[in-house]
Amino acid sequence: MTRESYVNLACLAGLILIPLWAHVSDEPFTITLATRAVILALAALGLNIALGIGGLVSFGHAVFFGIGGYAMGILAHHAQNYTPIAEWPFLIEGTKSMPIIWLLATVVSGIVAFLIGLLSLRTTGVYFIMITLAFGQMLFFFSISWAEYGGEDGLAIYVRNGFPGLNTLVPLQFYGLCLAILLLALAFQWRLAKSPFGLALNAARQVPNRVKAVGLNPFKLQLVAFTISGMITGLAGALFADLNRFVSPTMFSWQLSGEFIVFIIIGGTARLFGPVIGAALFVIIEHVLGGISDYWHIWFGFLLLGIVLFGKGGVIGLLAGGAKAHD
């Protein structure tokens, strides 16, 4: 095993043991913080597939996070009010079932990611960044004007949605559900990175002309990766909305897209547990320093600056002694 593998195992142990300690110590708020970190890590993990493996710096990934959140909010809103979403051309009712909500969130996010990718992936560099940012702003302002679902005030959901066999209102059970999804996503990313598709995608990032020379299409590889990335981030958005029982246009904001990128950079770009460590550090710093000063982002900025200047492999790279990603 490599040093990075030991770092990953230590991170996994923390994800399991800290919430258990909080449960035994009757600290439900700590479990809620851990749940928030896990969900944000899942969202950043989705972006890490596009950015870390595919080299696609998307500044509009909050689009998919927001779509997942609003998919949950709209379905649950109509379920709790006993009103259909639509009656023509056929009846569409709301639901409080998490599996159905997750399915819809991932499918819709995937479709939107595919359509955005068709347009934005025809550009590269700063043009790609600006197009994804533009799509994010379009959805942000659309959600503000969507008065039926709260507009800029957002939409409150009064009852947490359900999952068969679990009481999702119990913090530890909801955390366990979110952690299980994160671990499945981590396993999927690990397998994807080592698959022929992942290797081809990585090659398309580094030497696209050579990929074309062997008969592969870099555009199609990146489009598939971007779509998968959007689906995972959309699922995270649905979980985040369920955690807060609230959705708002801020889920589409470009600042949130930037935070996802920051999580990856701090943890380590293309590192398997990079988004997890980055999201965990963000939540910890926000909680600890946020209670001291409203300007806690300054100290978080110093951390980011230090990582960029002295630890380009992120926290995992520093702890693993500079081992290469995917070791």
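Residues numbered from 1 in each chain as written. Predicted model: local features only at pLDDT ≥ 70, side-chain atom pairs only at ≥ 80, totals over all residues. Heavy atoms only, no water.

A closer look at the domain arrangement of the chain
In terms of domain boundaries, the chain breaks down into domain 1 (51–251) and domain 2 (253–327). Spacing between the C-alpha centres of domain 1 and domain 2 amounts to 22 Å. The partner domain 2 presents 15 residues to the 23 residues of domain 1 that form the contact. Of all residues in domain 1, Leu51, Phe59 and Leu186 bury the most surface against domain 2, accounting for 32% of the area lost on that side. Applying the counting criterion to the domain 1 and domain 2 interface returns zero salt bridges. When residues of the side of domain 1 that touches domain 2 are traced back to their parent elements, those giving at least two are α2 (28–53), α3 (62–81), α5 (125–145) and α6 (171–194). It is α6 that provides the largest number of residues to the side of domain 1 that touches domain 2, a total of six residues. Grouping the constituent residues of the side of domain 1 that touches domain 2 by class yields 14 nonpolar, eight polar and one charged. (Domains from an automatic or database assignment. Contact = heavy atoms within 4.5 Å. Buried area = accessible area lost by both parts, 1.4 Å probe. Salt bridge = Lys/Arg side-chain N within 4 Å of Asp/Glu carboxyl O. Helix = DSSP H or I, 4+ residues; strand = E, 2+ residues; numbered from the N terminus. Nonpolar A, V, L, I, M, F, W, Y, C, P; charged D, E, K, R; others polar.)

Things to note about the environment of proline 89
Residue position: proline 89 is located in the loop between α3 and α4 (98–120). What makes proline 89 exposed here is its relative accessible area of 58%. Sequence separation between proline 89 and isoleucine 261 is 172 residues, and the spatial gap between their C-alpha atoms is 41 Å. (Buried < 20%, exposed > 50% of the residue type's maximum accessible area, 1.4 Å probe, protein only.)

Brief notes about the environment of valine 7
Following the sequence through the fold, valine 7 ends up in helix α1 (residues 3–24). Accessibility expressed as a relative area gives 13% for valine 7, which makes it buried. Residues valine 7 and glycine 317, 310 residues apart in the sequence, show an inter-C-alpha distance of 9.7 Å.

So, the nonpolar core
Grouped together as the largest cluster of nonpolar side chains are 89 residues, with contacts concentrated most on Leu42, Phe65 and Leu182. Examining the composition of this core, we find that 16 residues originate from one element, α2, more than from any other. With eight residues, the next largest nonpolar core counts Ile53, Val211, Leu221 and Ala225 among its residues. (Core = buried A, V, L, I, M, F, W, Y, C linked by side-chain atoms within 4.5 Å.)

Structural notes on the pattern of salt bridges
Opposite charge on two side chains permits them to pair, given that their charged atoms come into close proximity. Taken as a whole and judged by the stated rule, the model has two salt bridges. In this structure, arginine 271 engages glutamate 4 in a salt bridge whose closest nitrogen and oxygen atoms are separated by 2.7 Å. On the criterion of sequence distance, the pair formed by arginine 271 in the loop between α10 (254–267) and α11 (274–290) and glutamate 4 in helix α1 is long-range, its members being 267 residues apart. Glutamate 4 sits in the buried class, given a relative accessible area of 2%. Note that arginine 36 and glutamate 286 form a salt bridge whose closest N and O atoms lie 2.5 Å from each other.

Quick look at the packing of aromatic side chains
If you walk through the whole model with that rule in mind, you get 17 aromatic pairs. Judged by centre distance (5.8 Å) and plane angle (45 degrees), the rings of tryptophan 299 and phenylalanine 302 are tilted. Here the residue tryptophan 299 and the residue phenylalanine 302 both occupy positions in helix α12 (residues 297–310), the gap between them amounting to three residues, near one helical turn. Aromatic ring contacts, followed pair by pair, group Phe65, Phe240, Phe260, Phe263, Phe282, Trp296 and Phe300 into a single cluster. Geometry around phenylalanine 174 places arginine 160 over its ring, the cationic atom sitting 4.4 Å from the centre. (Phe/Tyr/Trp six-rings, centres within 6.5 Å; stacked < 30°, edge-to-face > 60°. Lys NZ or Arg CZ within 6 Å of the ring centre and 35° of its normal.)

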